[in-house]
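# Topology and contacts: notes
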Amino acid sequence: MFRAKFLALIVILSMILAACTPAATPTAAPTEKPKAEPTAVPAELPKKGLACAPKCEYKDLVVGFLQTGSEGGWRAANTASFKETAEQLGLTLKFYDSQNDLAKEVAGFQQFIQDPQVNVIVLSALETTGWEQVLKDAAAAGKIVVIQDRRIDAPDTLFETYIGADFVEEGRKSADEICALLKNSAKKNVWELVGNVGSSAAKDRGQGFREKMADCGITITNSQTANWSITEGKQVTEAWLKESKDVQAIFAQNDEMGLGAIEALKEAGLKPGVDVYVLSVDATAGAFKAMLAGTLNVTVECNPLLAPQVYEAALKAANGETLPKWVASQEGVFRATDPNLKQIADGRKY
Ligand code: AHR
């Protein structure tokens, strides 16, 4: 009995002692990490598509279209495709002509971002760079962005899709065609007329051409921009001809510059298409006319009739669909030697 009371006393005393001793600060790091605050769940996840999704129709689309300018036959056909198709489909098109001025094009983009009616922005970019900020602003404003004709150097998360040609492949085809034309020529000096230097069309066609030109020993002895224009194509070629006539072929990155070069060759007393081979890119009506006249040897097609595909993509994006990041157009090559050339030319839209 006495022993039990004594033990109880000891227990009570040690409890009192423990209560009076300050708690020791743990020195070892806790084995468990402190629990993080639960991450805030956004009230609304970023929405794909427009408010009308998934039942948007073409009539719900108000498209702000930023065109580069009106530099030639290709561009005219591209613009007409957008205007005509908009009417056929019943969507609203707001057209902006950037007049081949990058600052104007960026200002136009900002204008469409601010425009509460515009829900889709279509960009045909004058140059590959400088688009990231406006694309972010467009995303923040909930606009759908589709890139057409010219690719851009920006993360593809910032736009829905790019619909346009494989310009590198057009350059490769051009080199193959010039190789075929120069098959029996000992010399293979080629002059290159370049489009506006910052554009994807100019950069990529030049790259593709260089990838393939070594296959047959082509040397580019002159290369300069002529800004897609007949007048500049003629002036640049004239200046080169004053220095030397040692040229076997001209690679013009579009038909207009090729037509300008043809004029310069004629004025210098040379026979374009015979004394000097001429190849251009686009396959416009002007190029077919020159091929039928025997002054242009080849035109590599670049399809400008992109509006039906662009509008369809915009509608799908409006309805919340995820699109492939690039839809490349199907394109051919036309040669002056084709026995059906007249018939082909008559059946073309541009
Ligand atoms: O981006 C397409 C190019 O732009 C065409 O080849 C040229 O003619 C146009 O201006």
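Remember, it's a predicted structure, so these values are computed and weren't measured experimentally. In every chain, residue numbers begin from 1 and rise along the written sequence. pLDDT decides what is reported in this predicted model: residues at 70 or higher carry local features, side-chain atom pairs at 80 or more are listed and counted, and totals for whole chains, interfaces and linings draw on all residues regardless. Each side-chain value is derived from all of the structure's non-hydrogen atoms; neither hydrogens nor water enter the calculation.

## What about the side chain of Q67?
Put simply, the rule is: Helix and strand assignments follow DSSP, with helices taken as H or I runs no shorter than four residues and strands as E runs no shorter than two, numbered in order from the N terminus. Categorising residues by exposure relies on relative accessible area from a 1.4 Å probe, with only protein chains included: less than 20% of the type maximum marks a residue as buried, more than 50% marks it as exposed, and the intermediate range marks it as partly exposed. We define a polar contact as two N or O atoms separated by no more than 3.5 Å, with the added condition that, inside protein, one atom must be a possible hydrogen donor and the other a possible acceptor, whereas residues neighbouring each other in sequence contribute only through side-chain atom pairs.
Considering the arrangement of structural elements, one finds Q67 in strand β1 (residues 62-67). The class for Q67 is buried, based on a relative accessible area of 0%. A distance of 3.0 Å separates polar atoms of two side chains, one belonging to Q67 and the other to R75. There is a polar contact of 2.9 Å between the side chain of Q67 and the side chain of N78.

## Description of helix α9 (residues 285-293)
Threshold: Each direction from the helix axis to a C-beta atom contributes to the arc, which is the arc of those directions.
Taken as a whole, α9 has its buried residues at A287, F288, A290 and M291. Looking straight down α9, one finds its buried side chains confined to an arc of 160°; they lie on one side. Of the residues in α9, the exposed ones pointing more than 90 degrees away from the buried face are K289 and A293. Among the residues trailing α9, G294 stands out with phi positive, at a value near 85°.

## Observations concerning the site of the ligand
The condition is simple: We call a residue near a molecule or strand when any one of its heavy atoms sits within 4 Å of it. Reported accessibility uses the Shrake-Rupley method at a 1.4 Å probe radius. Residues are deemed covered only where the shown protein chains occlude them. Classification convention: Asp, Glu, Lys, Arg as charged; Ala, Val, Leu, Ile, Met, Phe, Trp, Tyr, Cys, Pro as nonpolar; all other residues, Gly among them, as polar.
Inspection of the region around the ligand gives E71, W74, R75, D149, R150, F167, A201, R205, W228, N254 and D282 as its neighbouring residues. E71 is positioned with one of its side-chain polar atoms (N or O) 2.5 Å from an oxygen atom of the ligand. Within the side chain of D149, an N or O atom sits 2.6 Å from an oxygen atom of the ligand. Calculation on the ligand without its partners gives an accessible area of 280 Å², and the protein chains cover 99% of this total. Looking at the shell around the ligand, the elements with two or more residues in it are α2 (73-89) and α6 (200-213). Each residue belonging to the shell around the ligand can be placed in one class, and the counts come to four nonpolar, one polar and six charged.

## Considering the environment of W326
This is how it is decided: It only takes one pair of heavy atoms within 4.5 Å for two residues to be counted as in contact.
Looking at the secondary structure, you find W326 in strand β11 (residues 326-328). A relative accessible area of 43% means that W326 is categorised as partly exposed. The spacing of W326 and Q148 is 178 residues in sequence and 9.7 Å in space, taken between C-alpha atoms. Residues within four places of W326 in sequence aside, it is in contact with T161, Y162, G164, A165 and D166.

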